[in-house]
Amino acid sequence: MNASAHSHWPYGVHPFPHRHLTGIAGLKAHEITFLLDEAEHWVAINRAQTKHDNRLASLTQINAFFENSTRTLLSFEIAGKRLGADVVNMMVAQSSVKKGETLIDTAVTLNAMRADVIVIRHDASGAVGLIADKVDCPVLNAGDGRHEHPTQALLDALTIRRRKGGIAGLKVAICGDVLHSRVARSNIICLGTLGAEVRVVAPPTLVPPAIDRMGVACFTDLDAGLEGADVVMMLRLQRERMAGGFVPSEREYHAFWGLTHERLARAQPDALVMHPGPMNRGVEITSAVADDIDRSAITEQVEVGVAVRMACLDVLTRARRGVEGWA
Ligand code: CP
């Protein structure tokens, strides 16, 4: 266990009393900080030549991705393998889901194979929570519909903490297609819980209707929303979740909502640029900004993502492994 984590726990409180990680909602600040501290340990290990640790040996990790993924699937696979787990990726395109098997029947099937931890991505909001209720092992949400993407928020928080030395008091602008973004939702909750001043910046058609209930300021003009920001998080225009004309055209969207160096000049001179990926270069962000090594933390986000997933897999399987103090 990482010694630095102890300083954040209220005395006598379990550092992470949750069986699953289905979202950031419901987590306390010290629980989020605990996961970030644990992940910090794995960042260092991942930079060493020997990256293996066998603590998940003999455990079976099933990654069931019902939606496409590059970063999240690969980093959960690498994370599980570095921890010594037997990692199996369920190929949904070749599975019985394609023959009409229900989500619940799929969950019961995975459970019958005695998985020790299941990682799920699904296009339906709430699907991961539904599966978590049906299985005997910990479940990690790798993104469900527009609902949550908790490990993305944790890796974003860790990236900010490493670059800025802390999170409380920072002005974070989350910009673009907030309406369709589970990343935005998890980050609003995560960074807000850790004391950041979060604002969303989006065209009126891409602002979620209940945004005022999330405790964030809302701007419908990119230049105004970037003013004084310490962190600028750009979001992908999620065409696959759009059933109608939310934006006139990608070219027009870029003209008003694309992050360029000129626009970035409104933020703090040392403002950090982030993007969860995959990026639409030339739409929500120019290549010049995305590849600017002085400003962009996009590659670092991917790097610490493996560490965050190692921490989550380790922490959530502790009770199963009989680690002392983890019931
Ligand atoms: N950020 C993210 O979830 O990327 P993938 O869709 O590639 O997993």
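Given the structure is predicted, the values throughout are model-derived calculations rather than measurements.

### Some points on the nonpolar core
The biggest cluster of nonpolar side chains holds 90 residues, and the ones touching the most others in it are F16, L140, L154, L191, V232, L259 and L313. A total of 11 residues in this core trace back to one element, the largest contributor, which is helix α11 (residues 298-316). Residues contacting V232, with those up to four places away along its chain left out, are A173, C175, L226, L259, L264, A267, L272, V273 and M274. Formed by 18 residues, the second largest nonpolar core is a distinct cluster that contains F66, V92, L103 and V139.

### A short note on the site of the ligand
Neighbouring the ligand are S69, T70, R71, T72, R121, H149, Q152, P276 and G277. A total of 250 Å² of accessible area belongs to the ligand in isolation, and the protein chains cover 92% of it. More than half of the atoms belonging to the ligand lie within 2 Å of the grid points that define the largest pocket. When its residues are assigned to classes, the shell around the ligand shows one nonpolar, six polar and two charged.

### Some details on the packing of helix α1 (residues 29-46) against α11
Contact geometry of α1 with α11 gives a least axis separation of 7 Å together with a crossing angle of 120 degrees. Between α1 and α11, the angle is such that the two are oblique. By crossing handedness, the relation of α1 to α11 is classed as right-handed. Contacts between α1 and α11 involve F34, L35, E38, A39, W42, V43 and N46 on the former and, on the latter, E303, V304, V306, A307, V308, M310, A311, C312, D314 and V315. Taken together, the residues of the contact of α1 with α11 sort by class into 13 nonpolar, one polar and three charged.

### Focus on the sheet that holds strand β2 (residues 86-91)
Hydrogen bonding along the main chain pairs the strands of a sheet, whether they run parallel or antiparallel. Within the open sheet, the four strands sit side by side as β2-β1-β3-β4. Their pairing is parallel. Two strands close off the open sheet at either side, each with one partner strand: β2 and β4 (139-144). Taking the axes of each pair of neighbouring strands and ignoring which way they run, one obtains an average angle of 15 degrees across the sheet. Where strand β3 (residues 117-122) and β4 come together, four bridges link them in parallel fashion. Within β4, the residue paired with I118 across the bridge is V139. The sheet strands contacting α11 are β1 (60-65), β3 and β4, and the helix crosses β4 at an angle near 145 degrees.

Reading guide: rules and limits
Residues numbered from 1 in each chain as written. Predicted model: local features only at pLDDT ≥ 70, side-chain atom pairs only at ≥ 80, totals over all residues. Heavy atoms only, no water. Core = buried A, V, L, I, M, F, W, Y, C linked by side-chain atoms within 4.5 Å. Buried < 20%, exposed > 50% of the residue type's maximum accessible area, 1.4 Å probe, protein only. Helix = DSSP H or I, 4+ residues; strand = E, 2+ residues; numbered from the N terminus. Contact = heavy atoms within 4.5 Å. Near = heavy atom within 4 Å. Areas by Shrake-Rupley, 256 points an atom, 1.4 Å probe, with all protein chains shown as cover. 1 Å grid on protein atoms, 1.4 Å probe; cavity = no way out; pocket = protein on both sides within 12 Å on 5 of 7 lines; lining within 4 Å. Sits in = over half its atoms within 2 Å of the grid points. Nonpolar A, V, L, I, M, F, W, Y, C, P; charged D, E, K, R; others polar. Axes fitted to C-alpha atoms, helices over the stretch in contact; angles between N-to-C directions. Parallel < 35°, antiparallel > 145°, perpendicular 65-115°, else oblique. Left-handed = near helix turned anticlockwise from the far one by under 90°. Pairing = 2+ DSSP bridges.

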